[in-house]
Every structure is written in structure tokens, then in C-alpha cells.
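Next come the chains, spelled out residue by residue.
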Amino acid sequence: MSDGGKPRTRKPAGPRPVTPSYLRNAALHYVSQRAASRTMVRRLLERRAMRRLAVRRLDEATEKMIADAVSELADLGLIDDARFAEARAASLAGRGLSGRRIRMGLREKGIAPETISEAVGDGIDELAQARVFVARKRLGRWRRGGMTPETRRKDLAALARAGFAFRIASQALDDPDEP
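Calculation notes
Residues numbered from 1 in each chain as written. Predicted model: local features only at pLDDT ≥ 70, side-chain atom pairs only at ≥ 80, totals over all residues. Heavy atoms only, no water. Salt bridge = Lys/Arg side-chain N within 4 Å of Asp/Glu carboxyl O. Helix = DSSP H or I, 4+ residues; strand = E, 2+ residues; numbered from the N terminus. Buried < 20%, exposed > 50% of the residue type's maximum accessible area, 1.4 Å probe, protein only. Patch = residues over 30% accessible without salt bridge, like charges linked within 9 Å, V, L, I, M, F, W, Y side chains within 5 Å. Areas by Shrake-Rupley, 256 points an atom, 1.4 Å probe, with all protein chains shown as cover. Lys, Arg positive; Asp, Glu negative; His and termini not counted. Charge placed at Lys NZ, Arg CZ, Asp CG, Glu CD. Core = buried A, V, L, I, M, F, W, Y, C linked by side-chain atoms within 4.5 Å. Axes fitted to C-alpha atoms, helices over the stretch in contact; angles between N-to-C directions. Parallel < 35°, antiparallel > 145°, perpendicular 65-115°, else oblique. Left-handed = near helix turned anticlockwise from the far one by under 90°. Contact = heavy atoms within 4.5 Å. Nonpolar A, V, L, I, M, F, W, Y, C, P; charged D, E, K, R; others polar. Phe/Tyr/Trp six-rings, centres within 6.5 Å; stacked < 30°, edge-to-face > 60°. Lys NZ or Arg CZ within 6 Å of the ring centre and 35° of its normal.

Some thoughts on the pattern of salt bridges
One pass over the structure, following the stated rule, counts six salt bridges. A salt bridge links glutamate 150 to arginine 153; its shortest N-O distance comes to 2.7 Å. You can see glutamate 150 and its partner arginine 153 sitting in helix 8 (residues 149-161), three residues apart, about one turn around the helix. Overall, the relative accessible area of 39% leaves glutamate 150 in the partly exposed class. Notably, a salt bridge pairs aspartate 174 with arginine 152, separated by 2.9 Å at the nearest N-O pair. Within this pair, whereas aspartate 174 is found in helix 9 (residues 166-174), its partner arginine 152 is found in helix 8, the two being separated by 22 residues in sequence. Judged by relative accessible area, arginine 152 falls into the partly exposed class, the value being 22%.

Considering a negative patch on the surface
On the surface, Asp80, Glu86, Glu114 and Glu118 cluster together to form a negatively charged patch. Here glutamate 118 is to be found in helix 6 (residues 113-120).

Quick word on the nonpolar core
Counting 44 residues, the largest nonpolar core has Val41, Leu45, Leu106, Phe133, Leu159 and Phe164 as the members making the most contacts within it. For this core, the element with the most residues is helix 1 (residues 20-33), which contributes six residues.

Describing the packing of helix 7 (residues 126-137) against helix 9
Where helix 7 meets helix 9, the closest approach of the two axes is 9 Å, and the angle between their N-to-C directions is 55°. What the angle tells us is that helix 7 and helix 9 run oblique. Pair helix 7 / helix 9 crosses with right-handed handedness. In this structure, helix 7 contributes Glu126, Leu127, Ala130, Arg131 and Val134 to the contact, and helix 9 contributes Ile168, Gln171, Ala172 and Leu173. Of the residues belonging to the contact of helix 7 with helix 9, the class tally is six nonpolar, one polar and two charged.

Quick notes on the side chain of aspartate 81
For aspartate 81, the location among the structural elements is in helix 4 (residues 81-94). No salt bridge is formed by the buried aspartate 81, whose closest oppositely charged neighbour, arginine 38, lies at an N-O distance of 5.2 Å. The residues contacting aspartate 81, other than those within four sequence positions of it, are Ser37, Arg38, Ile111 and Thr115.

Some details on the packing of aromatic side chains
Enumeration according to the criterion identifies one aromatic pair in this entry. Judged by centre distance (6.3 Å) and plane angle (55°), the rings of phenylalanine 133 and phenylalanine 164 are tilted. With phenylalanine 133 in helix 7 and phenylalanine 164 in the loop between helix 8 and helix 9, the pair connects residues that are 31 residues apart, well separated along the chain. Pair check on accessibility: phenylalanine 133 and phenylalanine 164 agree, each one buried. The side chain of arginine 52 reaches across the aromatic face of tyrosine 22, ending 3.8 Å from its centre. It is arginine 141 that lies over the ring of tryptophan 142; its NZ or CZ is 4.4 Å from the centre.

Rendered as C-alpha cells:
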């Protein structure tokens, strides 16, 4: 208020422009923090651009800039869907999830069906995965207090959410050490 007691008023800043360098830097920061698929990076850049431009839908020029930024990172080898799918499938398998749940998780990340087939393959032993899940989540005989009909029902529901068929889930709960 140094100008005679009048408060200064500022015009609100308009939306900042989305430039190729902004998109490239945002994508580089994202992939430096975590592994990502092309679809994940594209979705991130779309969200950032819409927020920055304060719009609900992007124009064709911005969509093209996003596509160019994603393809540039892919050309540099910073985004590789096949490598991402293999690593993600191994991680999810290590958590004891079923083949169905692993495939669904990769599909949600935007991986192509043929890449998913290559990454997951047919060699997943569902019963072994269910046993890993049961032990990891302390279900069935590992549950504190033992298994009751009510806890068995809850354990079967947990296994179903992990993508296991009823037969596999009940077998993993009933005889966890049998081959």
C-alpha cells in the first residue's frame, strides 16, 4: 500500500502454455521415478496438459505433442512396454497373484494383448501361486486363531479377488503343502 493507500490488484494469470519441452521434462521426470508403459506416460501427459490448460478436452495439436513426446522416449529406450510387462508380471507373480489377475493388471496399464502373452506365458502354476498368496496373506492354517467356517469363507473371498478359481482356492486352503 505504498501508492497512496490503494490496494494493488493483480489480474489472474491465464493458463500456461503446454510446450514440447514441458511435456518432455514431465515425462522424463515420471520415468526417472518408476517404470512405465507408453500408455501410462501418455495418460500422465494428458492429465498434466489438461490441468495446465484448464480444459476438459485437448486439442489435436496438444495430442500430437504428447504423442511425439511419448514416441521420443520410446525411441530413446526409456519406455519399453515388453520390458515393463515382464518386470510387472514377475512382480505380481511374486506376490502370489493368479495368471488371470496378472493379465488383468497388465491390461490396465495399457499393455497390448500379444505383449501380455509373451510376458506371462502359459507356465504359471495356479495352485503354487495360490499357496504363495495364502502364506503371504496369512490365510487358512496361517491365520491366528485357526480356520473356522467363517474365516474360510473370508479366505476364499480373498483368493477369488486375487483371481483364483474356487477349486484352486479351496485346494490351497485345505491342503497347503500337498503337491
